[in-house]
Amino acid sequence: MTWKEYFTSSVGKKLVMAITGLFLISFLIVHAGANSCIFLNDNGETYNAVARFLSHNWIVRFLELGLFVGIFAHIIQGLMLWRQNSAKRPVKYAVNPGNATSKWYSRSMGLLGTLILLFLIIHLKDFFLGTKVAMYAHGDEPHNLFAEMQEEFKELPVVIIYLLGVISLGWHLIHGFSSAFQTLGVNSPKYNNLIRNAGYVYTVIICVLFMLMPIAFYAGWL
Amino acid sequence: MEHKNINLNLKVWRQKNNQDAGHFETYKAENISTEMSFLEMFDVLNEKLIKEGQEPVAFDHDCREGICGMCSMYINGRAHGPWQGTTTCQLHMRAFSEGETVTVEPWRAGAFPVIKDLVVDRSAFDRIQQAGGYVSVNTGNAVDGNALPINKDNADAAFAAAACIGCGACVAACKNSSAMLFTSAKVSQYSLLPQGEPERKTRVLNMIAQMDKEGFGACTNTGACEAECPKEISIANIARLNREYLAAQFSL
């Protein structure tokens, strides 16, 4: 069987989702870790230095390319799977089991993913764009990302959008984390609890850190 | 167990043939013993319909002891009804209460077209099985059973997977109408045993190819199949299928 046949099969498509998903999960650790430098409360000195390092180091720049490939593959494959899968039952059931047989978030990965995508567009416009404009259009001038965050999160609607975005991400991760391992074929009574609990711990830490950022700025702690 | 007779309102899917759009019809099932099975309740209803000169409700059934996998009914939003690890024929009327409205639908999936009323065409499963769910045996003397040592854990896991009766509840319960639990059980029962070893890789590739061709969806790991399976087949088999498929792809 060719690789093309493999990756267009139903199992291969899910493998793409699992591998890119785990890659994005690893990215979130770096993202949340770097951003947590704002909590040092040194008026963004450390945070801006970290941001400058990450946007200028060539290894990170290379990984950034991989990140964009991964995120596009995850989004496009995910949306295609959503469309294809919902066409597999032309006549719907009159009565549905609700949450009796599965968790609502496991059935809503497409919807949650779309909410995250909408949030991501807003998020990239807010922070990614400014960094890149400063780097390329304004001759690589120093860019105060910390001040930009401070400015952005003064607005309550912005804070609410960010909190909703992170909540969507959280539900997506709760299912996605352990689901990725299942798709990769890792399922054993010895490790299932470990994987599931690691997923919960990971999701809670990532989401609490990300939610604290807009809250901290809005509340004026930073 | 307390025995009593109950009356039910049935909302049953009626569909003349696979061209018909189909609709729900309401019937009263009266004086139903709580000791009856769900299928026996339908027998009572059908006898009444025949006496009244109406068309009886067509439904699939065969062994009525929970091992043939024919009785495919989607009852009140649940494949094989509200009980776990049970086929429709083993579901007893004590699961329902007096005056309850019970909605009965056929399995719904593009790959399982309705033939009539509650009867669906599950030959897609047969074709998946025929694509690789077998062991080729050259005729000759039977080999001594003890000639092939088999690890107890593998034998148990293979046996648990082989308990699949191909009823299609996994497809019916899955939001994507995915046949992964069925296919994974069939792949697992052979891949775990030495007899299945020679055809291990071609088997999984061919069975997945056939599964996709039949129009089943992709697995999104909600676990609804495992929750509804009357034989309680584990989704650990799906993980094994994913491993087998990847391993076969790398080496073939």
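Note: the structure precedes this text.
Analysis parameters
Residues numbered from 1 in each chain as written. Chains lettered and ligands numbered in written order. Predicted model: local features only at pLDDT ≥ 70, side-chain atom pairs only at ≥ 80, totals over all residues. Helix = DSSP H or I, 4+ residues; strand = E, 2+ residues; numbered from the N terminus. Buried ≥ 20, exposed ≤ 12 C-beta atoms within 10 Å, placed from the backbone. Contact = placed C-beta atoms within 7 Å. Nonpolar A, V, L, I, M, F, W, Y, C, P; charged D, E, K, R; others polar. Pairing = 2+ DSSP bridges. Core = buried A, V, L, I, M, F, W, Y, C linked by C-beta atoms within 7 Å. Domains from an automatic or database assignment. Axes fitted to C-alpha atoms, helices over the stretch in contact; angles between N-to-C directions. Parallel < 35°, antiparallel > 145°, perpendicular 65-115°, else oblique. Left-handed = near helix turned anticlockwise from the far one by under 90°. Expected span 1.5 Å × (residues − 1).

Let us look at the overall build of chain A. The number of helices and strands found in chain A is 9 helices and 0 strands. Moving toward the C terminus, one meets the helices and strands of chain A in the order α-α-α-α-α-α-α-α-α. For chain A, the C-alpha atoms occupy an extent of roughly 55 × 40 × 40 Å along the three principal directions. Taken over 222 residues, chain A has a buried fraction of 29%. Considering only contacts in chain A between residues 6 or more positions apart, those separated by 24 or more positions represent 77%.

The next point concerns the overall build of chain B. For chain B, the helix and strand inventory stands at 8 helices and 7 strands. Dimensions of chain B, computed from the C-alpha atoms along their principal axes, are close to 60 × 40 × 40 Å. Relative to its 252 residues, chain B shows a buried fraction of 50%.

Looking now at the interface of chain A and chain B. Taken together, the contact between chain A and chain B spans 32 residues of the former and 39 residues of the latter. For the side of chain A that touches chain B, the secondary structure elements donating two or more residues are α2 (10–35), α4 (58–86), α5 (104–107) and α8 (156–183) of chain A. Here the side of chain A that touches chain B is built from residues that sort into 14 nonpolar, 12 polar and 6 charged.

All names here are of chain B. Notably, H80 is not glycine yet its phi reads approximately 60 degrees, a positive angle. Note that H80 resides in the loop between β4 (78–79) and β5 (101–105). Taking the C-beta count within 10 Å as the criterion, H80 has 27 such neighbours and is therefore assigned buried.

The strands making up a sheet associate through backbone hydrogen bonding, with each pair oriented either parallel or antiparallel. All names here are of chain B. Strands sit in the order β2-β1-β5-β3-β4 across an open sheet of 5 strands; the sheet is mixed. The two strands at the open ends of the sheet, each matched to only one other strand, are β2 (23–33) and β4. Here strand β3 (residues 74–75) runs beside β4; their pairing, made up of 2 bridges, is antiparallel. Considered in β4, the bridge of I75 is made with R78.

With that out of the way, let us pick up the nonpolar core. C170, V171 and L181 of chain B are the most contacted members of the largest nonpolar core, which has 107 residues in total. With 9 residues, α8 of chain A is the single largest residue contributor to this core. Among the domains, domain 1 (5–116) and domain 2 (123–251) of chain B are the pair contributing at least three residues each to this core. Among residues more than four places away in sequence, those in contact with V171 of chain B are W107, A109, A111, F112, S177, S178, A179 and F216 of chain B.

As a further point, take the environment of T183 of chain B. Residues and elements named next belong to chain B. Of note, T183 is situated in helix α5 (residues 180–191). Among the residues examined, T183 registers 31 C-beta atoms within 10 Å and is labelled buried. Along the backbone, T183 and V102 are 81 residues apart, and their C-alpha atoms lie at a distance of 31 Å. The residues contacting T183, other than those within four sequence positions of it, are I128, M207, I208, M211 and L241.

Let us look at the packing of helix α6 (residues 109–137) of chain A against helix α7 (residues 145–152) of chain A. Residues and elements named next belong to chain A. With their axes 11 Å apart at the nearest point, α6 and α7 run at an angle of 150 degrees to one another. In terms of orientation, α6 and α7 fall into the roughly antiparallel class. The chirality of how α6 crosses α7 is right-handed. On α7, the residues touching D126, F127, G130 and T131 of α6 are L145, E148 and E152.

The subject of this paragraph is α5 of chain B. Residues and elements named next belong to chain B. Taking 1.5 Å as the rise per residue, α5 with 12 residues should run 16 Å; its terminal C-alpha atoms sit 16 Å apart, in good agreement. Counted residue by residue, α5 has 12 buried out of 12 residues, so it is predominantly covered. Listing the buried residues of α5 in full gives M180, L181, F182, T183, S184, A185, K186, V187, S188, Q189, Y190 and S191.

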